[in-house]
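Structural overview
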Amino acid sequence: MAFRCQRDSYAREFTTTVVSCSSAELQTEGSNGKKEVLSGFHVVLEDTLLFPEGGGQPDDRGTINDISVLRVTRRGAQADHFTQTPLAPGTEVQVRVDWERRFDHMQQHSGQHLITAVADHLFGLKTTSWELGRVRSVIELDSPSVTAEQVAAIEQSVNEKIRARLPVNVRELSLDDPEVEQVRGRGLPDDHAGPIRVVTIESVDANMCCGTHVSNLSDLQVIKILGTEKGKKNKTNLAFLAGNRVLKWMERSHGSEKALTALLKCAAEDHVEAVKKLQNSTRLLQKNNLNLLRDLAVHVAHSLRNSPDWGGVVTLHRKEGDSEFMNIIANEIGSEETLLFLTVGDEKGTGLFLLAGPAEAVETLGPRVAEVLEGKGAGKKGRFQGKATRMSRRGEVQALLQDYISTQSAEE
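Residues numbered from 1 in each chain as written. Predicted model: local features only at pLDDT ≥ 70, side-chain atom pairs only at ≥ 80, totals over all residues. Heavy atoms only, no water.

Heads up, the condition is: UniProt positions are given in the numbering used here, feature names are shortened, and annotations may be inferred rather than shown by experiment.
Where an unreviewed UniProt entry is consulted, the protein chain appears under the name Alanyl-tRNA editing protein Aarsd1, with the organism given as Gulo gulo. What the UniProt record of the protein chain gives under Subcellular location (unreviewed entry) is the line "Cytoplasm".

1. Describing the sheet that holds strand 8 (residues 127-132)
What counts here: Two strands make a pair as long as DSSP finds a minimum of two bridges between them. Numbered from the N terminus, helices here are DSSP runs of H or I no shorter than four residues, and strands are runs of E no shorter than two. Axis angles are defined between N-to-C directions and span 0 to 180 degrees, where every axis is a line fitted to C-alpha atoms and, for a helix, only to the segment in contact.
Strand order in this open sheet of 4 strands is 8-9-14-13, and the pairing throughout is antiparallel. Among the strands making up the open sheet, the edge pair consists of strand 8 and strand 13 (223-230). Neighbour-to-neighbour, the strand axes of this sheet turn through a mean angle of 20°, independent of strand direction. Pairing of strand 13 with strand 14 (residues 236-242), which is carried by 7 bridges, proceeds in the antiparallel orientation. Bridged to Ile 223 within strand 14 is Ala 242.

2. Some words on the sheet that holds strand 3 (residues 62-64)
Across the sheet, which stays open at both edges, the 7 strands sit in the order 4-3-7-1-2-6-5 with antiparallel pairing between neighbours. Looking along the sheet, the strands with just one partner apiece sit at the ends: strand 4 (67-69) and strand 5 (71-75). On average, adjacent strands in this sheet sit at an angle of 35° to one another, irrespective of strand direction. Pairing of strand 2 (residues 35-45) with strand 6 (residues 78-83) involves 3 bridges; the strand directions are antiparallel. Its bridge partner lying in strand 6, Phe 41 is registered against Thr 83.

3. A word on the pattern of salt bridges
Just so we agree on the cut-off: Any Lys or Arg side-chain nitrogen located within 4 Å of an Asp or Glu carboxyl oxygen qualifies as a salt bridge.
The tally for this structure, following the rule as stated, stands at 18 salt bridges. Across the pair Asp 80 and Arg 75 runs a salt bridge, and its minimum N-O distance is 2.7 Å. With its nearest N and O atoms 3.3 Å apart, the salt bridge here joins Glu 374 to Arg 393. Residue Glu 374 is located in the loop between helix 7 (359-372) and strand 18 (376-380), and its partner Arg 393 is located in the loop between strand 19 (383-388) and helix 8 (394-411); the two are separated by 19 residues in the primary sequence. Via salt bridges that share partners, Asp 59, Arg 61, Arg 71 and Arg 101 belong to a single interconnected network.

4. Describing the pairing of strand 12 (residues 205-208)
Put simply, the rule reads: Think of it in three bands: with a 1.4 Å probe and only protein chains considered, a residue is buried below 20% of the maximum accessible area for its type, exposed above 50%, and partly exposed in between.
The two faces of strand 12 differ: Asp 205 and Asn 207 on one face are buried, but Ala 206 and Met 208 on the other face are not. Judged from the 4 bridges that link them, strand 11 (residues 196-201) and strand 12 form a sheet pairing that is antiparallel. Counted as the bridge partner of Val 199 is Asn 207 from strand 12. The hairpin turn running from strand 11 into strand 12, its antiparallel successor, is 3 residues long, and Ser 203 in that turn takes a positive phi close to 65°.

5. Some words on the packing of aromatic side chains
Our working rule: Centres within 6.5 Å are what make two rings of Phe, Tyr or Trp a pair, Trp counting through its six-membered ring; a difference in plane orientation under 30 degrees is then read as stacked, over 60 as edge-to-face, and the rest as tilted.
This structure, assessed with the given rule, holds 3 aromatic pairs. Both rings, one in Trp 99 and one in Phe 103, keep their centres 5.5 Å apart while their planes meet at 20°; by these two values the pair is stacked. Here the residue Trp 99 and the residue Phe 103 both occupy positions in helix 2 (residues 99-123), the gap between them amounting to 4 residues, near one helical turn. Residue Trp 99 shares its accessibility class with Phe 103, and that shared class is buried. Each member of the aromatic cluster is reached from another via a ring pair, and the members are Tyr 10, Trp 99 and Phe 103.

6. Focus: the nonpolar core
Here is the rule: Definition used in this section: a nonpolar core is a set of buried Ala, Val, Leu, Ile, Met, Phe, Trp, Tyr and Cys residues joined via side-chain atoms within 4.5 Å. Here a residue-residue contact requires only that any non-hydrogen atoms of the pair lie within 4.5 Å.
If you look at the biggest cluster of nonpolar residues, it comprises 49 residues, and the most contacted ones within it are Leu 114 and Ile 223. In this structure, Leu 114 is in contact with Val 158, Lys 161, Ile 162, Ile 201, Val 204, Leu 217, Leu 220 and Ile 223, ignoring residues within four places of it in sequence. Of all hydrophobic cores here, the second largest spans 19 residues; its members include Phe 341, Val 362, Phe 384 and Met 391.

7. A closer look at the pairing of strand 7 (residues 92-97)
Alternating residues of strand 7 divide into Val 93, Val 95 and Val 97, all buried, and Glu 92, Gln 94 and Arg 96, none buried. Relative to strand 7, strand 1 (residues 13-29) is paired through 5 bridges, and the arrangement is antiparallel. From the neighbouring strand, Thr 15 faces strand 7, where its bridge partner is Gln 94.

8. Some thoughts on a negative patch on the surface
Formally: Within this analysis, patches are made of residues with over 30% relative accessible area and no salt bridge. Like charges are joined at 9 Å or less; nonpolar side chains (Val, Leu, Ile, Met, Phe, Trp, Tyr) at 5 Å or less. Each accessible area is a Shrake-Rupley result for a 1.4 Å probe, and residues are judged covered by the shown protein chains and nothing else. The charge count includes Lys and Arg as positive and Asp and Glu as negative, but it does not include His or the ends of the chains. To locate a charge, take NZ of a lysine, CZ of an arginine, CG of an aspartate or CD of a glutamate.
A cluster of acidic residues, Glu 257, Glu 269, Asp 270 and Glu 273, forms a negative patch at the surface. Along the polypeptide, Glu 269 turns up in the loop between helix 4 (244-264) and helix 5 (271-306). The class of Glu 269 is exposed, set by a relative accessible area of 67%.

9. Here we look at the side chain of Gln 150
The following threshold applies: Within 3.5 Å is the distance limit for a polar contact, defined as a pair of N or O atoms, with the added protein rule that one can donate a hydrogen and the other accept it, and that residues adjacent in sequence qualify only through two side-chain atoms.
Tracing the backbone through its elements, the reader meets Gln 150 in helix 3 (residues 148-163). The exposure class assigned to Gln 150 is buried, which follows from its relative accessible area of 17%. A polar contact is formed between the side chain of Gln 150 and the backbone nitrogen of Thr 147, at a distance of 2.9 Å. Excluding its chain neighbours within four sequence positions, the residues that come into contact with Gln 150 are Phe 123 and Ser 145.

Structure below.
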């Protein structure tokens, strides 16, 4: 027997009775992104308005007597409702569904059936799987590629069928019904029991499915195909939005368009050209800046080399610069007798460092320098460079290098 949510996907609340309540745990993702385990209860009802996950569709959310249901999972012919408050068996309860979430899932799932059928009918593109995501849904097609022309034709056809207000019907067939052999599907779960549920879009598709669906394609409002991506094992992923998700996507896009119009000070149709001009200007500025930085590096190298303090340990820090800047200085100096310690970035935060000098000394000191600066690095042939998180400890590095030089001098 199908659940109430499957018999009437539009029902928003109803009354039923608690059958059992047992201790349970739920693994969930916390606000910090880490897995958390919640203690609670699995509540089983005589019937349920809350759809358990299945058929590529996530589970519903809702309440039982105003107690939040955090997860609904199918176990054979029954549904387990995870709550953090127990409910006594035999209690009559009021079940309410989170309608916004439910209707969104109905739109996306029926939209998937429609796109799958049209893609197969028009181009023989078979659906191998699909995912109803939080922001967009993805259909995996059994083809290494799908052309832009095919995508446009599929989108046009599905929206024509939505405008035709085609009915969507749900029937139940027995396993031995000959019609079952004519119905499209990707197989039944191992623990399936009872009749087979068939969702039919009039004159378009008949498909085995356990999910919740709209009763008429007009409730899909519109479908927007966002494009395709290369999938796994010679497949193609087709991303789409249906119904209210299209409206939300348009709202976000319109907001971005308004913001860009204000920033770029031009009409929306000129945004692309304006950004191209900005990119060209930025590239030119970056090129000029790089040339100036190289010239500065050469000048700095000569200044260091000619300084009366030259020798032993030489250090230099600049807020502006990059790895190339430091390497140019090291190349220009080219000394194998002096330890050269260069850093760029935030004086008290993160940055880059380079240690250059005698190969044996650099090999020994490089990892120790990275450790002091609480960073990571690698080196070879008299160079060790990397990233640092504690540039404020540069003084400790200088002391470390001075101690090394002093020890080497004493041994000689």
